[in-house]
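Single-letter residue listing:
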Amino acid sequence: MATNGVNRSNNRVTNLHNQLFLEFKKGQMGYSTIAIIGQSCLGSAAAMMLLMGDMDMLLKMILLFFVTIFCMAFNGAVLAQLKPLITFNLLILSTLFSLIVIVINLI
């Protein structure tokens with residue numbers, strides 16, 4: 001019975017991803033432009049929070065590296081006009097990672 005609940009939950013996430021992706025694909029040029037601005041600002045905020053935080057310097061630099069790489073990967077995917085699915089997934093990855101870093105530094 002527990003696996004049935006997991007399947008429903010997983011199915012909802014997959015359905016949400018598919019719906020958002022189809023919308024992104026429909027207006028990819030506009031959404032990509034807006035997303036570059038938004039996720040770059042979010043990545044900058046995550047970098048600022050990391051540098052202001054009081055965690056170990058090595059961990060700070062590793063997290064800063066990944067925030068920067070994920071933001072640059074999405075920006076590069078848009079500029080290189082990669083397939084919409086790759087671009088969309090990089091946007092999600094970059095946004096979620098930056099949000100996680102911000103939340104961890106706020107706690």
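In what follows, the structure referred to is the one given above.
Residues numbered from 1 in each chain as written. Predicted model: local features only at pLDDT ≥ 70, side-chain atom pairs only at ≥ 80, totals over all residues. Heavy atoms only, no water.

Concerning the packing of aromatic side chains
Argument step 1. Using the criterion set out here, one finds seven aromatic pairs in the structure.
Argument step 2. Seen from their ring centres, Phe24 and Phe88 are 5.3 Å apart, and the 45° between their planes marks the pair as tilted. With Phe24 in helix H1 (residues 2-26) and Phe88 in helix H4 (residues 84-106), this pair connects stretches of sequence that are 64 residues apart. In this structure, Phe24 and Phe88 share a single accessibility class: buried.
Argument step 3. Through a chain of ring-to-ring contacts, the aromatic side chains of Phe21, Phe24, Tyr31 and Phe88 assemble into a single cluster. (Phe/Tyr/Trp six-rings, centres within 6.5 Å; stacked < 30°, edge-to-face > 60°. Helix = DSSP H or I, 4+ residues; strand = E, 2+ residues; numbered from the N terminus. Buried < 20%, exposed > 50% of the residue type's maximum accessible area, 1.4 Å probe, protein only.)

Observations concerning the packing of helix H3 (residues 57-79) against H4
Argument step 1. It is the contact of H3 with H4, at a shortest axis distance of 9 Å, that shows an interaxial angle of 155°. If you check the angle between H3 and H4, you find them roughly antiparallel. Viewed along their axes, H3 and H4 form a crossing whose handedness is left-handed. Side by side, H3 and H4 meet where Leu63, Phe66, Val67, Phe70, Cys71, Ala73, Phe74, Ala77 and Val78 of the first sit next to Thr87, Leu90, Leu91, Leu93, Ser94, Phe97, Ser98 and Val101 of the second.
Argument step 2. Residues belonging to the contact of H3 with H4 are distributed by class as follows: 14 nonpolar, three polar and no charged. (Axes fitted to C-alpha atoms, helices over the stretch in contact; angles between N-to-C directions. Parallel < 35°, antiparallel > 145°, perpendicular 65-115°, else oblique. Left-handed = near helix turned anticlockwise from the far one by under 90°. Contact = heavy atoms within 4.5 Å. Nonpolar A, V, L, I, M, F, W, Y, C, P; charged D, E, K, R; others polar.)

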